[in-house]
Each structure stands twice: as C-alpha cells, then as structure tokens.
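Reading the structure
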Amino acid sequence: MLTILAAAIQAASPAQCSVELVVLGVSQDGGTPQVNVQDDLAWEDARLRRRVVSLGLIDHEAGTRYMFEATPDFREQLHDLNEMAGTEGAPDGVFLTHAHIGHYTGLMFLGFESMSASEVPVHTLPLMAEFLSTNGPWDQLVRYENIDLQVMAPGAPVELTPHLAVSAWDVPHRREYAETAGFRIEGLELSVVFIPDIDSWEEWAEQGIHIEDVVMENDVIYVDATFFDDNELPGRDMSAIPHPRVTETMDLFQDYPDEIRQRIRFIHYNHTNPIRFEDSAETLEVLERGYRIAREGETICL
Ligand SMILES: [Zn+2]
Ligand SMILES: [Zn+2]
C-alpha cells in the first residue's frame, strides 16, 4: 500500500490522473489571519495566509468537479478548482459537513446577488438540508433553484461518476442548527476520509465508530487539527473546549507502523495552532513522528 500511495501522490497530475483530489483550504472557520488579531504576521506576508478548510475533487475523464465545504473563501477556491479542471462555472456538486460559519456560508456566492447558479447539487445530511431550506438567506437559494438539496443517508454512497463515490458519517460535534458529517471519498484506487470538525474520538467510539478502524480501512485521512495542545489559548481553560488535540491524535497512533501513521494529515487548524507555519517546532514534531500536515495545493491521485 505504501508504494501504491507514494506513487499515486507523485503521479498526481491531470495528464496521468483521471480522478484527482486537491486541498483548497486548511484553516479553521475564522481563517488565517483571523479578524481582530492585529499582530498576525500574515497581514503583512501573504504567504502566511491560510484559506478556510475545503477539498476539491476532479474527475478529468468525466469533466466534472466537486467541492467539500462552501467556505468564506469560496470565490478563490472555485477559481482555483476551475483552473485545475479546465472548466468554468459552478461545481457539479457541493458536500457540506455542517452549519458552522466556515463550512457553508460560501453558498451565498451561488445566489442571486453573485453568480446566480442553476440547480447546483448540494449534498448534506437531513438536518443540514432542513436548516438550509427553512432559514434565510439560505432558503432563497433553494426557492430560486440556485441549489438543489440532495439529502444523504449515513453510510449510503452517492455515485458521482463511474470512478467516484462519496458517503457520509454523522459525527459528534456541537449541533446548534444541524448535525455534522464526516465524508469518505472512494476513487479508483484510493479512499480518502475528511473529518474537519469532531468533538472527540471517544464520543465517536461511543456511537460505534473507532477512528483506529477508519485509519486502517482507508488510505488518506484528513482530520480535525483545530488545536495543537492544551497550552494554545493563554488565559483560557481549554478543558471545556472540544476537538481532539493534534498531540492526542498523534499519541493514539504512536505504536502503529509508519505506513499507517503517514495516512493521517492534519487539517482545519486554528490561527493559534503553530502547525500553520511550515518551519515551526510543532510542524517538525508532527513530521518527525511520521504524520503529515495538509497544505493548500497538495493533490492526490485517486
Ligand atoms: Zn470548523
Ligand atoms: Zn464546527
């Protein structure tokens, strides 16, 4: 599996790869730099900016492309996806995990005041679909048929093309407006898991799904890396703040073989998380321990 995966990643280019995944954003909902953090270095240095978490999927053979999440950075992310795919217009489908601001508010760009798209399939779990169709301004997208809500049932794959299917889990994460999905993307050769937000691995295990099994059964796993450890928000008691810490997830897989650990790629990092910097001590620690950090523009041939 190691050689297949390594070769697939190296070979990922439109010419050789019929189904391709691209990382379009890696940041927690608020983006990096975050509003009102005046001294963030990224205000001055554009190379340090990080877009909000999103993945793109391209089936070059079918000529279709899909987005995971509609973020506040949707404009740039759709532009980049279309550039890579050699296409124009709205995506052929959007998958949304949940109703927190970084994950769905980019839908507004599909609406009347912006690109006025037509019937873009938006795939969500049931409560999320209900939320969008019964609350403004999102219900206008439904009424004007800018979007076409497609309700997913957990575990039932949506076949996008002959090469590509997506299924959803309902994962534990605070649900003020809707449930939260995690996604599994199945390509020709590889499967990729996307869990940008989850409260804890233990709570998911209580629902019967163990992250250890998910990692063993899939090839690449993008996981919630909101916080690096409990020292990250000075002056705040972090014990009440959910999300598995990066250190905790690393400890969980410490005794697994290299080939398993390197499947894990940390994503959705908060502006306070030092893994946002490519040369921080924490980034080096993650890499030395055999894990990976998702970076914008990285591609995987599926
Ligand atoms: Zn989030
Ligand atoms: Zn969230």
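The structure we're discussing is the one just above.
Our subject in this report is the structure included herewith.

Thresholds applied
- Residues numbered from 1 in each chain as written.
- Chains lettered and ligands numbered in written order.
- Predicted model: local features only at pLDDT ≥ 70, side-chain atom pairs only at ≥ 80, totals over all residues.
- Heavy atoms only, no water.
- Helix = DSSP H or I, 4+ residues; strand = E, 2+ residues; numbered from the N terminus.
- Rg over C-alpha atoms; globule rule 2.2 N^0.38 Å.
- Buried < 20%, exposed > 50% of the residue type's maximum accessible area, 1.4 Å probe, protein only.
- Lys, Arg positive; Asp, Glu negative; His and termini not counted.
- Charge placed at Lys NZ, Arg CZ, Asp CG, Glu CD.
- Core = buried A, V, L, I, M, F, W, Y, C linked by side-chain atoms within 4.5 Å.
- Contact = heavy atoms within 4.5 Å.
- Salt bridge = Lys/Arg side-chain N within 4 Å of Asp/Glu carboxyl O.
- Donors = N, O, S within 2.8 Å, 3.2 Å for Na, K, Ca; no water.
- Tetrahedral: all angles 85-135°; square planar, octahedral: opposite > 155°, others 65-115°.

1. Side note on the overall build of the chain
Helix and strand content of the chain: ten helices and 14 strands. Against the compact-globule benchmark of 19 Å for 302 residues, the chain has a radius of gyration of 18 Å, which places it among compact chains. Dimensions of the chain, computed from the C-alpha atoms along their principal axes, are close to 50 × 45 × 45 Å. Looking at the chain as a whole, 57% of its 302 residues qualify as buried. Between the mean site of the 19 positive side-chain charges and the mean site of the 53 negative ones, the chain shows a separation of 4 Å.

2. Description of the nonpolar core
Ranked by internal contacts, the top residues of the largest apolar core, which has 55 residues, are Ile185, Tyr222, Phe266 and Leu302. Residue contributions to this core peak at five residues, all from strand β8 (residues 164–171). Residues contacting Tyr222, with those up to four places away along its chain left out, are Leu21, Val23, Leu55, Val192, Val193, Phe194, Ile195, Arg265, Ile267, Ala294, Glu298 and Ile300. By size, the runner-up hydrophobic cluster in this structure holds 27 residues, among which are Val94, Leu107, Ala117 and Ile147.

3. Overview of the pattern of salt bridges
Overall, the coordinates contain 15 salt bridges when judged by the stated rule. Across the pair Arg276 and Asp40 runs a salt bridge, and its minimum N-O distance is 2.8 Å. Residue Arg276 is found in the loop between β12 (264–267) and α10 (281–288), and its partner Asp40 is found in the loop between β1 (19–25) and β2 (54–59); the two are separated by 236 residues along the sequence. A residue is classified by how much of its surface remains accessible, and Arg276, at 3% relative accessible area, is buried. The closest approach of N and O atoms between Arg65 and Asp92, which form a salt bridge, is 2.8 Å. With Arg65 in strand β3 (residues 64–68) and Asp92 in the loop between α2 (74–85) and β4 (93–95), this pair connects stretches of sequence that are 27 residues apart. For Asp92, a relative accessible area of 31% puts it in the partly exposed group. A cluster of three or more residues bridged by salt bridges with shared partners is formed by Asp251, Glu285 and Arg289.

4. Examining the coordination of the zinc ion (ligand 1)
Ligation of the zinc ion (ligand 1) by protein atoms is provided by Asp29 (OD), His103 (NE2), Asp197 (OD) and His268 (NE2), these donors lying 1.9 to 2.1 Å from the ion. Around the zinc ion (ligand 1) sit four donor atoms, and with donor-metal-donor angles ranging over 85 to 170 degrees the site reads as irregular. The motif formed by the donor residues of the zinc ion (ligand 1), counted along the single chain, is D-x73-H-x93-D-x70-H. Separating the zinc ion (ligand 1) from the zinc ion (ligand 2) is a gap of 3.7 Å. Taken together, the positions of His103 in helix α3 (residues 101–104) and Asp197 in the loop between β10 (191–195) and α6 (201–206) put the pair 94 residues apart, joining distant regions of the chain. Residue His103 shares its accessibility class with Asp197, and that shared class is buried.

5. A short note on the coordination of the zinc ion (ligand 2)
Bound to the zinc ion (ligand 2) are the protein donor atoms His98 (NE2), His100 (ND1) and His173 (NE2), situated 2.1 to 2.2 Å from the metal. Sequence spacing of the donors to the zinc ion (ligand 2): H-x1-H-x72-H. For His98, a relative accessible area of 1% puts it in the buried group.

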